[in-house]
Amino acid sequence: MDLSPFSLFERHINPGLAGLLRFTGLDRVESHAEGPYVWDTTGKRYLDFLGLYGALNLGHRHPKVVEAVMAQLARMPMSVRVLVSEPTARLAAKLAEITPEGLEMVFFGNSGAEAVEAAIKLARAYTGKPGIITTEGGFHGKTMGALSLTPRPQYQDPARPLLPGVKVVPYGDLEALEAAIDGDTAAVIVEPIQGEGGIRVPPEGYLRGVREITRKRGVLMIADEVQTGLGRTGRLFGVDWEGVAPDLMTLAKALGGGVMPIGACVGRREVFEIFKGNPLFHSSTFGGNPLAAAAALAAIEVTLEEDLPRRALETGGLLMEGLKALKARYPHLIEDVRGRGLMLGVEFTDADIGALVVAELAERGVITAFGLNNPKVVRLEPPLIIGREHVDEALSAFSESLEATEKALEGLLG
C-alpha cells in the first residue's frame, strides 16, 4: 500500500481535490517555506503568488510574528476562558484603533466564515429582523450561515435547506440593492472587491452608495474584509478607498500573520449591546486565543511599520503593467486583467485555458489558483513583502506559460 502523504491525502481527505492537484501539476508535498517561497519534498522551489488565498500578506514565517508566537507559547498557549487574556484584550483595542471610525467592539473566532457567522447573528439580534442581502459572485464562507450568503449552487445545493431570508442582488448595482430592501431586512453584506468572484472591482462610488442606502433604510452594512483587509488592496482596508465606515466588518486570513488562524467581527458598540444582558450569546472556545492574538498583534505591527499597503500599491502597479502587456500579446487567451494593489485577477477566454496556464506556471515554479466562484479567473495574491525581482520572476514564468499553452492548444486543434 502506498503510504506517501499525497496518497494518504487522496485516500482519507479529499480524492476530488487530489485529482485537481494532479491535473495542475501540484501533486507534490510541501516541505518548508520562507518569505515568498515554498519548497516541496523533492527540493523544488516555488514562488508563492497565491499567498494562501490572501492570508500570507507577510509571507511565510515572518520572523517578528514567529517570535511573538514563540514567546506566548512559552508563557501560556491557551486561555482558561474564565480569566481575561492580555494579548486578546490588547488585540481588540488595537483593532478598534485601526479600523474605520465607530468600530469599537470585537468578537473573535478562528476563520473568516466564523466572523461572518458572528456578523449574521449580531445583525439579526440588533435589528430583530431575519433578512440578509448578499451579492452575485460573493463568497463569505462555507459554514451554514456563511454558505447561505455565498450564492453558488455547487456549494449550496448539497446542503439545502439553507438559512431563510437571504436575497441575492447583482454586485455593483445600487438600484437593485435598494429595491431588495424590505421590512424584514437586517443587513447587507458586501466585499469591497470580490475575491472568489473573480477579483471584481465595483464601480467607483459603490461602497459609498451601499453605506448611504443602508443608513437611509435603517439596515446594517457588513463589510467582508476577509481577503481585502490589512493592506492587500493598497489601503489598510478596502472600504478606506471610499472613506466608508460600515456597521460590522469581518476580518481573518492576513490577521494571523500567516502563522496562526484567527477571525474577527468588529462592530459598532450598540450592535454588540446584546452581550451586556446575554454575555454568552455567541462564543468560541479557541476564538482569539493567546497564541493567535499574539500573532495578530505582531502582524498588525509589521503591516504598519513596513507600510505594506503602500508597497502593495506600488508593486501591484508593476505586476498589473506586466500582465496588461501579456494581455496585449495574447488577446485570444486573456480576456481581462483587473484588481487593485496585490489583489489581481487574470480572466481567460475559457476556464480550461486558465487551468492549463495554472499547470504551466506550477511547472515553472509559480503557485497560483483560480477563483472558487469564477474558474475563468486566475488570481494573484502574493505576499505584500515581494519586490520587483519577484514580479519579474512571476511575469517571466507567466509569459512562458502562455506561450506553452498556446502551443498546446494549437496541437489539440490540429
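None of these values were measured; they are calculated from a predicted model. (Residues numbered from 1 in each chain as written. Predicted model: local features only at pLDDT ≥ 70, side-chain atom pairs only at ≥ 80, totals over all residues. Heavy atoms only, no water.)

The subject of this paragraph is empty space enclosed by the protein. Going through the model one piece at a time under the given rule, you end up with one cavity of 30 Å³ or more. Size it by volume and the largest cavity reaches roughly 30 Å³. Lining the largest cavity are Phe49, Leu319, Leu361, Val366, Thr368, Leu380, Ala394, Leu395 and Phe398. The element best represented in the lining of the largest cavity is helix α15 (residues 388-412), accounting for three residues. (1 Å grid on protein atoms, 1.4 Å probe; cavity = no way out; pocket = protein on both sides within 12 Å on 5 of 7 lines; lining within 4 Å. Points joined across faces, edges and corners; volume = space filled by probe spheres on them. Helix = DSSP H or I, 4+ residues; strand = E, 2+ residues; numbered from the N terminus.)

Counting buried residues in strand β10 (residues 263-268) gives six out of six residues, a clear majority hidden from the surface. Of the strand pairs in this sheet, strand β4 (residues 103-109) and β10 are connected by six bridges, and their pairing is antiparallel. In the strand pairing of β10, Met105 is matched with Gly267. In this sheet, β10 lies alongside strand β9 (residues 248-251) in antiparallel orientation, the contact comprising four bridges. If you follow Met249 over to β10, its bridge partner there is Val266. (Buried < 20%, exposed > 50% of the residue type's maximum accessible area, 1.4 Å probe, protein only. Pairing = 2+ DSSP bridges.)

Where helix α1 (residues 5-12) meets helix α2 (residues 15-23), the closest approach of the two axes is 6 Å, and the angle between their N-to-C directions is 135°. In terms of axis orientation, α1 runs oblique to α2. Contacts between α1 and α2 pair Phe6, Phe9 and Glu10 from the former with Pro15, Leu17, Ala18, Leu21 and Arg22 from the latter. (Axes fitted to C-alpha atoms, helices over the stretch in contact; angles between N-to-C directions. Parallel < 35°, antiparallel > 145°, perpendicular 65-115°, else oblique. Contact = heavy atoms within 4.5 Å.)

Of all seven residues that make up strand β15 (residues 374-380), five are buried, and the element is covered over most of its length. Examined bridge by bridge, strand β14 (residues 369-371) and β15 share three bridges and lie antiparallel to one another. By the bridge assignment for β15, Gly371 is matched with Asn374. Adjacent in sequence and paired antiparallel, β14 and β15 are bridged by two residues.

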